[in-house]
Amino acid sequence: MLSLVEEVVRKGISRGLSEVEVYAVKSTTWQFTISHDKVIEVSYREDQDLGIRGSMGKKVGGLRTNSLENTELIVDRLVSIVKSSPEDPYWSGFPPRQEKLNPVKTFDEKAVSRSVEEYVEILKYIMDKFKEVPVLRGVERAVVTEGLFTISKVEVTILNSSGMLRQANYSPVTLWLELSVEKGGLSADKGLVYSRSVLDERLLEKTALVEGERALLFFDSKPVESGTYDIVLEPSVVGEVLLYSLAPAFSALNILENRSPVKDKLGQEILSDKITILDDPSVETATGARPFDDEGVATSTKPVVERGVFKTILHSYYTSRRMNAEPTGNGIRSHPASQPIPSFTNFVVKPGKGSLEEFAKDVRRGIVVYEVIGHWMSDPTTGSIKATVTHGLLVENGEVVKPVKGVVLGGSVYEWLSRNLVEVGGDTKVVGDVVTSSLWISNVKVAGK
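Residues numbered from 1 in each chain as written. Predicted model: local features only at pLDDT ≥ 70, side-chain atom pairs only at ≥ 80, totals over all residues. Heavy atoms only, no water.

1. Quick look at the overall build of the chain
The cut-off we apply is this: Helix and strand assignments follow DSSP, with helices taken as H or I runs no shorter than four residues and strands as E runs no shorter than two, numbered in order from the N terminus. Just to be clear, the radius of gyration here is over C-alpha atoms, and the globule rule we use is 2.2 Å times residues to the power 0.38. Residues are treated as being in contact if the distance between any of their heavy atoms lies within 4.5 Å. Note on areas: Shrake-Rupley with a 1.4 Å probe; residue coverage comes only from the protein chains shown.
A count of helices and strands for the chain gives 10 helices and 22 strands. Whereas a compact globule of 449 residues would reach a radius of gyration of roughly 22 Å, the chain reaches 24 Å, a difference of no more than 12%. Here the C-alpha coordinates of the chain stretch approximately 75 × 55 × 35 Å along the principal axes. Considering only contacts within the chain whose residues lie at least 6 apart along the sequence, 71% involve residues at least 24 apart. Roughly 19600 Å² of accessible area belongs to the chain as shown, and the carbon and sulfur atoms make up 48% of that amount.

2. What to know about the pairing of strand 18 (residues 407-412)
Stated precisely, the cut-off is as follows: Here, a strand pair is defined by DSSP locating no fewer than two bridges between the strands.
When strand 16 (residues 384-396) meets strand 18, the two strands line up antiparallel, connected through six bridges. When the sheet's bridge partners are listed, Ile 385 is paired in strand 18 with Gly 411.

3. Let's talk about the sheet that holds strand 21 (residues 434-436)
Operational definition: To get an axis, a line is fitted to the C-alpha atoms, and for a helix only the part in contact is used. The angle between two axes follows their N-to-C directions and goes from 0 to 180 degrees.
Read across the open sheet, the six strands follow the order 11-10-9-14-21-20; overall the sheet is mixed. Of all the strands in the sheet, just strand 11 (309-310) and strand 20 (429-431) have a single pairing partner and so form its edges. Bridging between strand 14 (residues 347-349) and strand 21 involves two bridges; their strand directions are parallel. What sits directly across from Val 348, in strand 21, is Val 435. Contacts between helix 6 (residues 235-245) and the sheet are confined to strand 14, strand 20 and strand 21, with strand 21 contributing the most and set at about 125° to the helix.

4. As for the pattern of salt bridges
Counted only if it meets this: Here, a salt bridge means any Lys or Arg side-chain nitrogen found within 4 Å of an Asp or Glu carboxyl oxygen. Burial classification: accessible surface area is computed with a 1.4 Å probe over protein chains only, and a residue below 20% of its type maximum counts as buried, one above 50% as exposed, and the rest as partly exposed.
Taken as a whole, this structure holds 29 salt bridges when the rule is applied. Measuring nitrogen to oxygen at the nearest pair gives 3.9 Å for the salt bridge that ties Glu 205 to Lys 129. Here the residue Glu 205 occupies a position in helix 5 (residues 201-215), and Lys 129 occupies one in helix 4 (residues 116-136), the gap between them amounting to 76 residues. For Glu 205, a relative accessible area of 24% translates into the label partly exposed. The residue Lys 190 makes a salt bridge to Glu 371 at a minimum N-O spacing of 2.5 Å. Here Lys 190, found in strand 7 (residues 186-196), pairs with Glu 371, found in strand 15 (residues 365-373); they are 181 residues apart in sequence, far enough to count as distant. Using a relative accessible area of 3% as the deciding quantity, one classes Lys 190 as buried. The buried category is assigned to Glu 371, whose relative accessible area is 19%.

5. Describing the layout of surface pockets
Filter applied, for reference: Two kinds of site are reported from a 1 Å grid over the protein atoms alone, namely cavities, where a 1.4 Å probe fits but cannot get out, and pockets, open sets with protein on both sides within 12 Å along at least five of seven lines, and residues are called lining when an atom falls within 4 Å of a point. Grid points are joined across faces, edges and corners, and a volume is the space filled by probe spheres set on the points. All residues other than Ala, Val, Leu, Ile, Met, Phe, Trp, Tyr, Cys, Pro, Asp, Glu, Lys and Arg, Gly among them, are scored as polar; the first ten of these are nonpolar and the last four charged.
Volume-wise, the second largest pocket comes out at about 700 Å³. For the lining of the second largest pocket, the secondary structure elements donating two or more residues are strand 7, helix 5, helix 9 (356-362), strand 15, strand 16 and strand 20. The element contributing the most residues to the lining of the second largest pocket is helix 5, with seven residues. Broken down by class, the residue content of the lining of the second largest pocket amounts to 15 nonpolar, three polar and 10 charged.

6. Some points on the packing of helix 1 (residues 2-14) against helix 2 (residues 71-84)
For the record, the criterion: Angles are sorted into four bins: roughly parallel if under 35 degrees, roughly antiparallel if over 145, roughly perpendicular if 65 to 115, and oblique for all others. A crossing counts as left-handed when the near helix is turned anticlockwise from the far one by less than a right angle, and as right-handed when that turn is clockwise.
Where helix 1 contacts helix 2, the axes come no closer than 10 Å and their chain directions differ by 45°. Considering the angle they form, helix 1 stands oblique to helix 2. Crossing of helix 1 against helix 2: the hand is right-handed. For the pair formed by helix 1 and helix 2, the contact residues are Leu 4, Glu 7, Val 8, Lys 11 and Gly 12 on the first element and Thr 71, Glu 72 and Val 75 on the second. Residues that form the contact of helix 1 with helix 2 fall into these classes: three nonpolar, two polar and three charged.

7. Digging into the pairing of strand 7
Pairing analysis gives 11 bridges linking strand 6 (residues 173-183) to strand 7, with the strands arranged antiparallel. Across the sheet, Leu 175 pairs through a bridge with Tyr 194, a residue of strand 7.

8. Some points on helix 1
The line we're drawing: In this analysis, the expected span of each helix is defined as 1.5 Å times one less than the number of residues it contains.
Here helix 1 spans 18 Å end to end across 13 residues, near enough to the 18 Å set by a 1.5 Å rise per residue. Where helix 1 is buried, its residues touch strand 1 (19-35), strand 2 (38-56), helix 2 and strand 4 (141-160). Just beyond helix 1, the residue with positive phi is Gly 16, at close to 105°.

9. Quick look at empty space enclosed by the protein
Scanning the model with the defined rule gives one cavity of 30 Å³ or more in all. A volume near 40 Å³ is recorded for the largest cavity. Leu 233, Val 238, Val 241, Leu 242, Val 413, Trp 416, Leu 417, Leu 439 and Ile 441 are the residues that line the largest cavity. At the level of secondary structure, the elements contributing two or more residues to the lining of the largest cavity comprise helix 6, helix 10 (413-416) and strand 22 (439-447). The element contributing the most residues to the lining of the largest cavity is helix 6, with three residues. Tallied by class, residues from the lining of the largest cavity come to nine nonpolar, no polar and no charged.

10. Quick word on a nonpolar patch on the surface
Here is the rule we go by: Patch membership is restricted to residues that have no salt bridge and whose relative accessible area is over 30%. Joining uses 9 Å for like charges and 5 Å for the nonpolar side chains Val, Leu, Ile, Met, Phe, Trp and Tyr.
On the surface, a cluster of nonpolar side chains totalling about 430 Å² of accessible area is made up of Tyr 244, Ile 373, Trp 376 and Met 377. Relative to the assigned elements, Ile 373 resides in strand 15. Under the relative-accessibility criterion, Ile 373 is labelled partly exposed at 43%.

Have a look at this one:
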């Protein structure tokens, strides 16, 4: 593929473009579909996805394609798109060649080299472990009702006419399972989510056992009365909520376009001194681990919030030029042809002490939250949080009173993580590109029955 990518760049320059950039992704993926304790479908696909951008003066445009077979046609289309694009007064080109590289491991060869039969056996074993504790505790029925397992080998190539050339391989692994249990005429369910850059079978087994036991907590779940409660959030819930309500605020593009509550607050205290948030591409088990960003700029570990103080704005090359700052290696694309947007590589909350279980024992009146939905409706432009609890426990004086579902958590993420923050746990969990611990937060508004 590299020779064809180089050909596109050469031809683009020869046709009068000032600069050309190609971002190419080649992937192979195994996907396993699960229904009622069985792997019912196995599929394999090979994909090639390319984004090609070019500039002519201040005019910038791009296109997306899945083939480089006809480079003449592709370059003709690109030139036409660039010529018809409006000028971007802030455009300052693609990143120049860099020698610097973050030496982070991003590829698990063992994970992607198993046979179909081996993957199926792993899945059967994990499903059995997911049901093991409920069965031992005497449920009348335990079934993994649905699930999806994907494992991919992803090859990324970045080349531009300024001499930038980067190549890396990645191995994202994702498993989602849903367990349903029945006992005494009542039913409950519990999800299992695993998303990492490695296939850790021991961790999968441990996770399956823990989540299977948790399923037994949620028989006959109901809403509680509306009011103000302490809440204790399981680490994966923390990640989901903060990724939508807080993380986008540190993007230089959102700051430039007045969509961030932390604009003009660099160097100021914006959260509790118990909160330190890192952009850390060196967490090798997380899916955001990468030696360079989607423009080829080297990544690095950096504090974004340090002991509550806003320390670092996340930049793409484009925003760094606009703000006369150094690029931070955070230009991330939503797809190969899109403009890189400043975003976290891995969003990491530095752990504290304690755990979900320990916090729950100290709560006088609160809700321990294990799963939510609707967190994507939170608003990062204001920091407003909205999330509906699907799996929670009402706790009074450290004792579980009853299971909870269907109540909505609200408030401001900046209040949650400042005056309302009680503790940050040490029970770190990696899910996708998020690394977080449990949180204990007081005085949270809950909308229930």
